[in-house]
Structure formats: structure tokens, C-alpha cells
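Structural features, examined
Here's the letter readout for the chains.
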Amino acid sequence: MNYCDAVRAIECRARRLRGTAVGSRLLLGTGGAAALAGLLVRLLAGAEAARGPLVAALAVVPIGIAAVGYALVARRPVRVGPILLRVDFALGLDARLSSLHELAKTRPGSFLFGRLEKEVAASLVEWRKALPVSRRSLAALAVGVASIAAAIVLIAVAGPLENSAGDVAYTPAAGEGTTAAAERSEASGESGETAAGLAVDADPQAGPEATEYRLDDVLADLGLAAGSAEDSGGIPGAVEVDELRGEGQSLEELIAEARARVRRDEEPLTVEEQEALRAAAITAAAPVRRALEDVLAASTATESLDALDALSASLELSRTFSEEPSNGSSRVPTEQEEVDGSESVAGEALLATPEDDSGGGLPPFNGLAKPEDESARAGTEIAEGTEPGDEGAPVPVDVGPESAQPAGFVLERTPTGVGETGEVKSYLTVGVPLEFEQEGSDAVSARVSFDRIESIVTSREISPEVAETVRKYFESITEGGT
Amino acid sequence: MITERDLESAFGAFARLRETIGTVVVGHDRVVRAALIALLCRGNVLLEGVPGLGKTLLVRTLASGLGLEFSRIQFTPDLMPADIVGTDIITEKDGHRGFVFSRGPVFANVVLADEVNRATPKTQSALLEAMEERTVTVGGNTYALDEPYVVLATQNPIEMEGTYPLPEAQVDRFLLKTTVEYPSLPELVAIAERTTEGEGIRLPEPVAAKDEVLLAREVVREIPIAEGLRDYVGRLVLATHPGSPYAPQKVREFVEYGASPRGAIAAILAAKAHAFLSGRANVQPDDIEAVFSPALAHRIILNFRGDAEGIRVDDLLADVWENVHPL
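Residues numbered from 1 in each chain as written. Chains lettered and ligands numbered in written order. Predicted model: local features only at pLDDT ≥ 70, side-chain atom pairs only at ≥ 80, totals over all residues.

**Description of the nonpolar core**
Soluble globular proteins tend to pack their nonpolar side chains together in the buried interior. Residue and element names in this part refer to chain B. If you look at the biggest cluster of nonpolar residues, it comprises 122 residues, and the most contacted ones within it are Ala-35, Ile-37, Ala-38, Val-45, Ala-267 and Ala-270. A total of 11 residues in this core trace back to one element, the largest contributor, which is helix H11 (residues 261-277). The residues touching Ala-267, leaving out its near neighbours within four places in the chain, are Val-233, Val-237, Ile-288, Val-291, Phe-292, Ala-295 and Leu-296. (Core = buried A, V, L, I, M, F, W, Y, C linked by C-beta atoms within 7 Å. Buried ≥ 20, exposed ≤ 12 C-beta atoms within 10 Å, placed from the backbone. Helix = DSSP H or I, 4+ residues; strand = E, 2+ residues; numbered from the N terminus. Contact = placed C-beta atoms within 7 Å.)

**Let's talk about the pairing of strand E3 (residues 86-93) of chain B**
All names here are of chain B. Burial runs low along E3: only zero of the eight residues are buried. Across eight bridges, the pairing between E3 and strand E4 (residues 96-103) is antiparallel. The partner of Ile-90 across the bridge, within E4, is Phe-99. (Pairing = 2+ DSSP bridges.)

**Looking at the interface of chain B and chain A**
Counting residues at the interface gives 19 residues for chain B and 17 residues for chain A. Broken down by element, the residue count for the side of chain B that touches chain A peaks at three residues, all from helix H9 (residues 227-238) of chain B. Of the residues that constitute the side of chain B that touches chain A, the class distribution is 12 nonpolar, four polar and three charged. (Nonpolar A, V, L, I, M, F, W, Y, C, P; charged D, E, K, R; others polar.)

**Focus on the environment of A:Leu296**
Residues and elements named next belong to chain A. Within the secondary structure, Leu-296 is located in helix H12 (residues 286-297). Classification of Leu-296 as partly exposed rests on a count of 18 C-beta atoms within 10 Å. As for Leu-296 and Pro-268, which are separated by 28 residues in sequence, their C-alpha atoms are 9.2 Å apart.

**Let's talk about unusual backbone geometry**
All names here are of chain B. Residue Pro-148 is reached from Glu-147 by a cis peptide bond, and omega for that bond is -5 degrees. Relative to the helices and strands, Pro-148 resides in the loop between strand E7 (141-144) and strand E8 (150-155). Non-glycine residue His-28 carries a positive phi angle of around 55 degrees. You can see His-28 is positioned in the loop between helix H1 (4-24) and helix H2 (29-41). Positive phi values are uncommon outside glycine, yet Arg-134 reaches one of about 60 degrees. Topologically, Arg-134 is positioned in the loop between helix H5 (121-132) and strand E6 (135-138).

**Side note on the pairing of E4(B)**
Across the eight residues of E4(B), zero count as buried, placing the element largely on the outside. Hairpin connection, E3(B) to E4(B): the antiparallel pair is bridged by two residues, and B:Asp94 has positive phi, about 55 degrees.

**Describing the confidence of the model for chain A**
Residues and elements named next belong to chain A. For chain A, per-residue confidence averages 64 on the pLDDT scale, and residues scoring 70 or more make up 51% of the total. Throughout residues 161-213 the model reports pLDDT below 50, and contacts reaching past four residues in sequence, or to other chains, amount to 71 contacts. Below pLDDT 50 for its whole length, residues 222-248 participates in 36 contacts with residues either more than four positions away or in separate chains. (pLDDT = per-residue confidence, 0-100.)

**Structural notes on the sheet that holds strand E5 (residues 110-114) of chain B**
Residue and element names in this part refer to chain B. Taken in spatial order, the five strands make up an open sheet running E2-E5-E8-E1-E9, and their pairing is parallel. Strands at the two margins of the open sheet, each flanked by one partner only, are strand E2 (70-74) and strand E9 (176-179). Neighbour-to-neighbour, the strand axes of this sheet turn through a mean angle of 20 degrees, independent of strand direction. Judged from the four bridges that link them, E5 and E8 form a sheet pairing that is parallel. Counterpart to Val-110 in the pairing with E8 is Val-150. Where H2 meets the sheet, its contacts fall on strand E1 (45-48), E8 and E9, and the angle it forms with E9 comes to roughly 165 degrees. Each of E1, E2, E5 and E8 is contacted by helix H3 (residues 55-66), which is oriented at about 170 degrees to E5, the strand it contacts most. (Axes fitted to C-alpha atoms, helices over the stretch in contact; angles between N-to-C directions.)

**Some details on the packing of helix H17 (residues 450-459) of chain A against helix H18 (residues 464-477) of chain A**
All names here are of chain A. Closest axis-to-axis distance for the H17/H18 pair is 10 Å, and the angle between their directions is 155 degrees. Considering the angle they form, H17 stands roughly antiparallel to H18. The handedness of the crossing between H17 and H18 is right-handed. Between H17 and H18, the contacting residues are Phe-450, Ile-453 and Val-457 on the first element and Ala-467, Val-470, Arg-471, Phe-474 and Glu-475 on the second. Partitioning the contact of H17 with H18 into residue classes produces six nonpolar, no polar and two charged. (Parallel < 35°, antiparallel > 145°, perpendicular 65-115°, else oblique. Left-handed = near helix turned anticlockwise from the far one by under 90°.)

Following this line, the structure appears as C-alpha cells:
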């Protein structure tokens, strides 16, 4: 390769490199601007008809600007001297090439020309290595092209323009996720009713025609659900428990006042006091109500004081019990634990069962009827237990450890099955009175009838329509009978 | 028109000259090279060094090797300009009396101005015209000096009492300034051997002709220097100025005045001569590096702080060299 060809090629490449440097930076700038423009269009514009021209413009304009910049810069002459010196240093020519150029420029007929040309001829073959494309240019080029591609994707590929950037497709699967979240919240200690209510509220449009929702819709639905919950006083189960606790406290105050009054006047309870206590204890647990009956039956001041003390102890025990299992992760003693005092879990849990007046066959805490014993025994009664089928003993039923325990309900072990095959936990909830019968050495059958439940329904002042629904439910799960 | 053969001839002549000088002068390669560069560039050299280091021998050997006329002027405080350049004297010839110009020692090809700083400024300035213009004017008559012409002036840096430091304008007229270092032990032993054995030192026979020196001068000026390297030298020179954007921090702190444009000219010319002496047909960065300090050191004037702190100009130039790059 002779000197003239080499210098011409080097000059040409230097122009191209300079054009590439400018063009790549222009592409980087305009490509970035195109990407921003695409993003803005996607966020703000609504005219889908303009998408095609927009894509074309975003692709063509930056590339066009870069190409024009390249062409303009590449056409301008470059100072070859310094570039040749770069080539000299890169190829180890000790400034011979640039000196040759200087000689050719100023004294083309110099006797030194041929000598220098001979010295550089061998190395000129590799002149291209001395002028690589700079990494900055390559990086700018890559980023610019990527920006343009991103702009095009933003406009053309990623769905209709009407969709805002904040949109998130809401599918039934997402609804299921909401339900799953509700189930998780249920598992964390909330009542099943509350969790189910949230799940239903969170997916109000679940139906065959509702296949996809937008985030705004879901948020609106969630807002409604939240509002509903607020309207109803928050989580129903929690409210109920709170109300029950509030009534308990109110009953406690009445007991304290009555005790003070009886002690002061040394007279039994008045009719007004009895009515007030009865009204306050209407939703209290069965042991509390039984203790209240003793209070109401007392005829002397001394008997009244003793009965009030027993009632107070029963109430305190009932509240303590209702607060303990409030955390879904708290453990409930199992049968084995009750036997040997250990804390093993044998696939059974304890069901909180209300004990009403008619449930005499299932005294969950015998000692509760005797106030003088219950405070001392309360902690051990739960742990002791008896074998399933024992008369008067609690019968195990597996309903899961997450069952919340409203005030007034006590834990009982219930059978794991009802009838021959049914699972009790699948059909029953807290507060359902069961009757258990020993049907052999091991088998225990559980019975439930709406007649037993009706008193509870009536005491809670449930409307007749709901009571009818409850009746139908129990007739359904008991197949028409018990 | 210079041809390739002329080039080879010039290369050969100076190769022989260097070899011949090497047979007499032990060591002092930088000084020998500086003297030859000055000879090739039509310049002059300021040598700085203590007495007894062989400066006179070097100059005499150079003149002898080239077959050139040599003269030595010992500068003293009572030396008069006429003692250097010559004077008109009255002579009588054929019954007619008239003034005849009697040439001074400056009329030679190689002039050694020994301890030039001991003469008065008036006498020192008598050398200016000879060094720069290569002419001598006496009594209204101007006499051209015979080419090749080179002045090698020496300064003694240790005995400064009763001396007259050269003014900046005169120093600037020296192409190069170099320091004559004390010889190393092997060199000292070799010097002792050559001067104490046999017949002692004998000046060499001429190995190059005057015409070859003049031809070599033309060749040197033909040697190309790349545009980028010329720009590089310009930046190096500018970097010696405290107000220049190229100046490193030390220059900004310690320099009062940087090198003049004459410095850039000297550096490029000297680089060309250095390339020629190295047998190359173009100037390379190594050539610039070799002459950078000798060509610029005596053109830089330190400020008071630089003087007070004992800053060496060579160190400043090394800093400049490190901070200014060809590309």
C-alpha cells in the first residue's frame, strides 16, 4: 500500500469516524427524545388513528437527523496531520507517516520522500487498526437505537393508547388472588364470615360476563367494600366480639354496683337490679347465665353477695377465655395434651360451643356452675378433658386452629364426623349446640337440630326470615332431621 | 538540489566526526552532541561547568576533526571588545599610510569563549553580532565571518565574584545550553590514561570537509517534522509560561518568564539535527525529548520565589514534559 492511497483511506475513515461520532450522539439525543415523546403520547394522547404516522415519525426523524448530521460532518475536511500522528503512534511508526505527509505537503520532490515511504510501507497495511470506532460512539449508537425501538414499542405494540400507563389488567385470576388474600386474612385470626364477606365484596362483578377489570374498577370496588365494612361497623365478627366484651364490662359494672348496694343495705337484689343484670347478661356465656340464675334466686343479702361473687368470677373467666384464642396462631390443647399435659397436636382442634339453657347434656365446664371452684379450675379444665363419648364430656371436632372465640363460648372437643361420613367442620360454626351419643366402644355420633338452635336464634333477636334460613340450613345438613 | 547520495555523505561525515572526537574526548556525549547540533544548526552553545573538565579539548578536537580554524578567547574583566573582534591599525605600505583591519580571535570557524561571564557586558556584547549575524563591524566596515561558524562559550558556576552574568538577550542567542558534568570513574581513568601515556593527546586529523558540514546543514533543514509534532513543540514552549493554559502548577508558581519563540525555533532545529545525527530522515518524539531541556533551559527566568527556594529549571522542564503530550 503506497503512501497516497493510505493517506486517502485514512482521511476518509477519519471523516467517517467523526461523522459517526456526531451522528451517534445525535441519534442518542433524538432517540431519547423520541422515547420520551412516545411515553408522553402513550400517557396523554387519545387518538389511535395517529399511531401509524407517529410510529413512522419516531422511527424516521431521529435516524434522519443522525444521518444528516453524519453526512454534514463527514463531508467536512479534516486535519490529516494530527490523525496521521495518531496512526503513527498506534502503529509504532515514530512519526514517519505524518512526517511523510508533511514532506509531501511542503516539499513533494524531496530526496527524503522515497526513503520515508519505504520505511512506512510495511506498516501501512494495518492502518485501519489505528482508527477504531470509539466506544463512546458505539455506546451512543446502541442507546440511541434502543431508545427509538423503545419509543416504537411504546406506541405501536403495547396496547391501545387509551390505556393509561397505570392500568393493570385485572382478571379473574386477580380476583382469585383477592379471595386468597381474604383467606389469608381469615387464617390470620379474623372470623370466617369476615373473610368471606371481604372476598365477596372484593369481587363484586364475578360473573360470566365479567372477565377483565381495570385497576380503577377494582379500586372502586374495594372502596365500596371498605365503605360497606365501615357502614356495618367494620368487620362483623370483630364488632360482635367487641360488643360482647362491652356487654361483659357493663355486666361487671352492674355486678359491682349491686354488690356494693347489697353490702351497704344488707338486702337482696331489687327487681330493677335483677332486670338490669338479666338484660346485661342476655348474650353472655352459658356459665355466666347459670351463675346469674343463682344470683336471681338468692333471697338474702348473704346469698346474693355469694352469688354475685360467683357471677363475677364466672364472667371474668369467660372474658379471659374469650381473649386467649383471639390470635389465629395460638394453639389449643389437644386431646393428647389433655391426657398427658404435653402440647402435641393430633389433628384435632377444639370447637367453641355455646352452652345454652337447653344444652344440659353438654356441660363444658362443670365447675363454672360453681363459682367458688371455677377460677381455680378454669385453666386446668381446658387441659384436662376426657375421652370422646364420655357422658357430659366435651367431644372433639376439628374446625381448624383459626377459629375465633367470641365471649361466652367455651372450647369443647367434638367428633370429627357427623352422621356417617360428613365432616362437622364443613357444616358447623361456633355456637352450634351438638348432642353426642356413644354408639359403641369408639364411635361417637353428633346430632344437631334446629329446635336446639332456635333458642339461640331467638335470643339474638334475629329476624324471622334469617331464622328460617338458618332452619333450612340445618335441615339441609341434617337431611331433614337431626 | 540535495540527493540521496548527499544525505548518505553527510551522514557518513558526521558519523566519522563523532567517532574521531570519541577517540580524544572521554565521555561528554551530551556536550559533543550539543556542539555538533549547534554546528549543524548554525547556532552557538553555552557550556556550563567547572574548569578542567575538557571543554577546551573538546572544542579543539571538533575544529581539528573538521579541518576548521579554531580560536580561544579567555574572557577577563579587562578584556576589551577590540581584543575580540579586532581593530584598525595604521600601516605604511609603499610610502602610504593607511588603516588596515587586524582581525580578532572571533574570526575563526570554531570559537571558544572561555568564562564568558568574566568580561564586562560591553565586551560580551561584542560577541552578539558575531554569534547572531555572523558578521563583525569595526570602524564602519562590516566583515563576514567564515562559515561554518560556531561559538562555544563557557561559564564557571562556582566563582561568581567579579563576574558579569550574561544578559537575557545574549543568553537567548545561544541555541543550546548544556552542563559539562564531572566524569565518572571509568571516564576519569580513561582520561588519565590518555593524557599520561605515550605522547599524550594528539589532535585528530580532519575527517570531514568544510563543504560536508555545509551540506549537512542543508540536509538538516530538509528533515521533515510532522505537523502534530510541531504543534507539540509549540505547546511545550507555551507550557513554560506561567500564564499559559498548558503550564503545570510548578511553572505557575516559580517561573517569571517562559521561553521565547526563539526557544521553539531552537527546539525544532535542534531536534532535526538530533535526528540527523541519529541517522534518521524525520523528527521523532525522542529527538524532541533529547533537545527539549538544552534548548529551553537557559530561556526560562525564575521568579523570586523560585530563586529563593532553589528550584532547578531542569526539574521544571521535566514537569512540563510529563504534563504535555503529543496527542
